[in-house]
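Inside the fold
Listed below are the residues making up each chain.
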Amino acid sequence: MRLAKRPAYTLLEVVLALLIGVMLLAALYGAVGYQLRQAQAGREMSGQTTFMRSVINRMETDIQAAVGLNDPSRFRNQSNSQGGGGATGMATAGATTPAGTTTTTTTTTTTTTTTEER
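Residues numbered from 1 in each chain as written. Predicted model: local features only at pLDDT ≥ 70, side-chain atom pairs only at ≥ 80, totals over all residues. Heavy atoms only, no water.

Re the overall build of the protein chain
As a reminder of what qualifies: Think of it this way: any DSSP run of H or I at least four residues long counts as a helix, any run of E at least two long counts as a strand, and we number them from the N terminus. Working definition: with a 1.4 Å probe on protein chains only, accessible area under 20% of the residue-type maximum means buried, over 50% means exposed, and in between means partly exposed.
Each helix and strand counted, the protein chain has one helix and two strands in total. Secondary structure elements of the protein chain, listed N to C terminal, follow the sequence α-β-β. Split into buried and exposed, the 118 residues of the protein chain put 1% on the buried side.

Right, dumping it as structure tokens:
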């Protein structure tokens, strides 16, 4: 009795196919891991950028508010009925112009006191 010859893979072919498959899966695993690390770094960078943008906007708003306080043009076109005396921390200077009208300039003084406990 003779056995019919069947086509089959040898052990060497099966081992080589498994080795190639394992190497491809390892490369894929490394590429996916790298992609995930890069995506996390991008999210962190985006969060930092958003935070810094909000800090800079806050600083810009504070600076504009402080510069606006020192703008002498904000005292122009004020009516003389504002009054000028009796307020704490306010100094008022009056001058009479040749036409007989009175110009009033008001200056506000702020004092900051710092105490240190030991």
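So, a nonpolar patch on the surface
To keep it simple, the criterion reads: For patches, a residue must show more than 30% relative accessible area and have no salt bridge; joins then use 9 Å for like charges and 5 Å for nonpolar side chains, namely Val, Leu, Ile, Met, Phe, Trp and Tyr. Every accessible area reported is derived by Shrake-Rupley at a probe size of 1.4 Å, with residue values counting cover from the shown protein chains alone. Salt bridges are identified by distance alone: a Lys or Arg side-chain nitrogen within 4 Å of an Asp or Glu carboxyl oxygen.
Taken together, the side chains of Leu12, Leu16, Leu19 and Met23 define a hydrophobic patch exposed on the protein surface, amounting to about 420 Å² of accessible area. Its location among the elements puts Met23 in helix α1 (residues 11-69). Judged by relative accessible area, Met23 falls into the exposed class, the value being 52%.

Details of the pattern of salt bridges
This model, assessed by the stated rule, comprises one salt bridge. Residue Asp62 is joined to Arg58 by a salt bridge in which the shortest nitrogen-to-oxygen separation is 3.7 Å. Remark: Arg58 and Asp62 occur in helix α1; sequence separation between them is four residues, near one turn of the helix. A residue is classified by how much of its surface remains accessible, and Asp62, at 42% relative accessible area, is partly exposed.

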